[in-house]
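Chain and residue survey
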Amino acid sequence: MPELPEVEINRRNLQRWTSGRRVTALRTPDSVRFVGATADVVGRRFVVWRRRGKLLQGDLEGGATFQSHLGMTGQWLADPSPERRGVRVLLEFADGDGPRYVGLADPRRFGQTTIFAPGDPAGSAAFDRLGPDALLSPMSPPALADALGRRATPLKSRLLDQAVIAGLGNIAVIEVAYRARLHPHLPVSSLRAADLGRLLEAIAAHIEHVLDVETGDEIAYLGSAGAHNPFLCYGRESGPCPRCATPFVRGALGGRPSFWCPNCQPAPG
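The present account deals with the structure reproduced in this document. (Residues numbered from 1 in each chain as written. Predicted model: local features only at pLDDT ≥ 70, side-chain atom pairs only at ≥ 80, totals over all residues. Heavy atoms only, no water.)

**Structural notes on the overall build of the protein chain**
- Along the protein chain, the regular secondary structure elements total six helices and eleven strands.
- Relative to the globule expectation of 18 Å for 269 residues, the C-alpha radius of gyration of the protein chain, 20 Å, shows essentially globular dimensions.
- C-alpha extents for the protein chain along the principal axes are approximately 60 × 40 × 30 Å.
- For the protein chain, the residues scored as buried account for 49% of the 269 residues in total.
- Of the contacts formed within the protein chain by residues at least 6 apart in sequence, a portion of 64% connects residues at least 24 apart.
- Surface exposure of the protein chain reaches about 11,800 Å², of which carbon and sulfur atoms provide 52%.
- Of the side-chain charges in the protein chain, 32 are positive and 27 negative, and the distance between the mean point of each set is 5 Å. (Helix = DSSP H or I, 4+ residues; strand = E, 2+ residues; numbered from the N terminus. Rg over C-alpha atoms; globule rule 2.2 N^0.38 Å. Buried < 20%, exposed > 50% of the residue type's maximum accessible area, 1.4 Å probe, protein only. Contact = heavy atoms within 4.5 Å. Areas by Shrake-Rupley, 256 points an atom, 1.4 Å probe, with all protein chains shown as cover. Lys, Arg positive; Asp, Glu negative; His and termini not counted. Charge placed at Lys NZ, Arg CZ, Asp CG, Glu CD.)

What follows is the structure, encoded as structure tokens:
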């Protein structure tokens, strides 16, 4: 599902496909997941695409903002086939400098597209509610310690809080904990300075890895037909740990699956 790296790939693609181009039509086959006035988009050029955490925003001439949340399996595609399942929004361009159509394919229908009119403060407020971006605004160990707090809340729960760090989802947190040799359910109150440093290094390494292996015009999300698992730990229950060959185990926290190596990531207590 789209986490920071996948949303960043979408941002780069949208920037490449639409920046400087004038929208000639905007179709919304699924109006339930679309909010705003098409008149604020049609006839205007995209200026730049921005991202914070898992949220995308495109700035248009005249001051309107085009916001896209990809939900569970959404992604923007160049010239999606008419047979493509679940196209919810379709932008059309008339010039020849890129794809004629750029569409949001969202088969599971969890995404949301919102157009903010010029001057609407809700557009910037959507970004302001998020914490520091895990890619664009890397934290220092003391800043991470302050953000996590000293409570007994599990590390996974705190890292999933988008007000703490923006962009990490369940897959990323499992991968980051594995890279940092920390159990994902470890209470944050037990973290040491060295643990915080390894966490920050692991966050950067995970994002770089996913950007490297998934960058392209279309992302094959884990679980989709033909997709391979590019992750070190997530989804590898009973498979061998690459470091020590101990079989990974699976658990759950807050209804979401967790995976860890019982040797490299000792359980709390």
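Structure's up, so let's keep going.
**Considering the sheet that holds strand β6 (residues 75–78)**
- An order of β1-β7-β8-β6 is seen for the four strands of this open sheet, with the pairing classed as antiparallel. The open sheet is flanked by β1 (23–27) and β6, the only strands paired with a single partner. Averaged over all pairs of adjacent strands, the angle between strand axes in this sheet comes to 20°, irrespective of strand direction.
- Direction of pairing for β6 relative to strand β8 (residues 101–105): antiparallel, over a ladder of four bridges. The residue bridging Leu 77 from the neighbouring strand is Gly 103, located in β8. (Pairing = 2+ DSSP bridges. Axes fitted to C-alpha atoms, helices over the stretch in contact; angles between N-to-C directions.)

**Topic: the side chain of Gln 57**
- Checked against the element boundaries, Gln 57 lands in strand β4 (residues 55–60).
- Of the polar contacts made by the side chain of Gln 57, one reaches the backbone oxygen of Gly 123; its length is 2.8 Å.
- Once you skip the residues sitting within four places of it in the chain, Gln 57 turns out to touch Val 48, Trp 49, Arg 50, Thr 65, Phe 66, Gln 67, Phe 116, Gly 123, Ala 126 and Phe 127. (Polar contact = N/O pair within 3.5 Å; in protein donor to acceptor, adjacent residues only side chain to side chain.)

**Side note on helix α6 (residues 193–214)**
- Under the 1.5 Å per step criterion, the end-to-end length of α6 is 32 Å for 22 residues, consistent within 8% with the ideal 32 Å.
- Check the buried side of α6 and you find it contacts α1 (4–18), α3 (141–148), α4 (155–160) and α5 (170–179). (Expected span 1.5 Å × (residues − 1).)

**A look at the pairing of strand β3 (residues 46–52)**
- For β3 and β4, the ladder comprises six bridges, and the chain directions are antiparallel. The residue of β4 that forms the bridge with Arg 50 is Gln 57.
- Here β3 folds back onto β4 in antiparallel fashion, the turn holding two residues, of which Gly 53 has a positive phi close to 60°.

**A closer look at the sheet that holds strand β5 (residues 65–69)**
- The sheet built from five strands is open, its strands ordered β2-β9-β5-β4-β3 with mixed pairing. Two strands in the sheet have a free side with no partner beyond their single neighbour: β2 (34–35) and β3.
- Pairing analysis gives five bridges linking β5 to strand β9 (residues 112–116), with the strands arranged antiparallel. From the neighbouring strand, Phe 66 faces β9, where its bridge partner is Ile 115.

**Quick look at the packing of aromatic side chains**
- In this structure the tally under the stated criterion is seven aromatic pairs.
- Between Phe 46 and Trp 49, the aromatic rings sit 5.0 Å apart at their centres with planes inclined by 25°, giving stacked as the arrangement.
- Exposure remark for Phe 46: the relative accessible area of 1% places this residue in the buried category.
- With a relative accessible area of 2%, Trp 49 lands in the buried category.
- Ring centres of Phe 46 and Phe 66 lie 5.7 Å apart, and the angle between their planes is 75°; on these two criteria the pair is classed as edge-to-face. (Phe/Tyr/Trp six-rings, centres within 6.5 Å; stacked < 30°, edge-to-face > 60°.)

**A closer look at the pattern of salt bridges**
- A full pass over the atoms with the stated rule returns 17 salt bridges.
- For Glu 92, the salt bridge is made with Arg 27, and the minimal N-O distance between the two is 3.1 Å. Pair noted here: Glu 92 is in strand β7 (residues 87–93) and Arg 27 is in strand β1, with a separation of 65 residues, a long-range link.
- Its relative accessible area of 9% is what places Glu 92 among the buried residues.
- Across the pair Asp 161 and Arg 158 runs a salt bridge, and its minimum N-O distance is 3.5 Å.
- Given a relative accessible area of 29%, Asp 161 falls into the partly exposed group. (Salt bridge = Lys/Arg side-chain N within 4 Å of Asp/Glu carboxyl O.)

**Quick look at unusual backbone geometry**
- One non-glycine residue, Arg 181, adopts positive backbone phi at about 60°.
- Along the chain, the position of Arg 181 falls in the loop between α5 and α6.
- Judged by its relative accessible area of 43%, Arg 181 falls in the partly exposed class.

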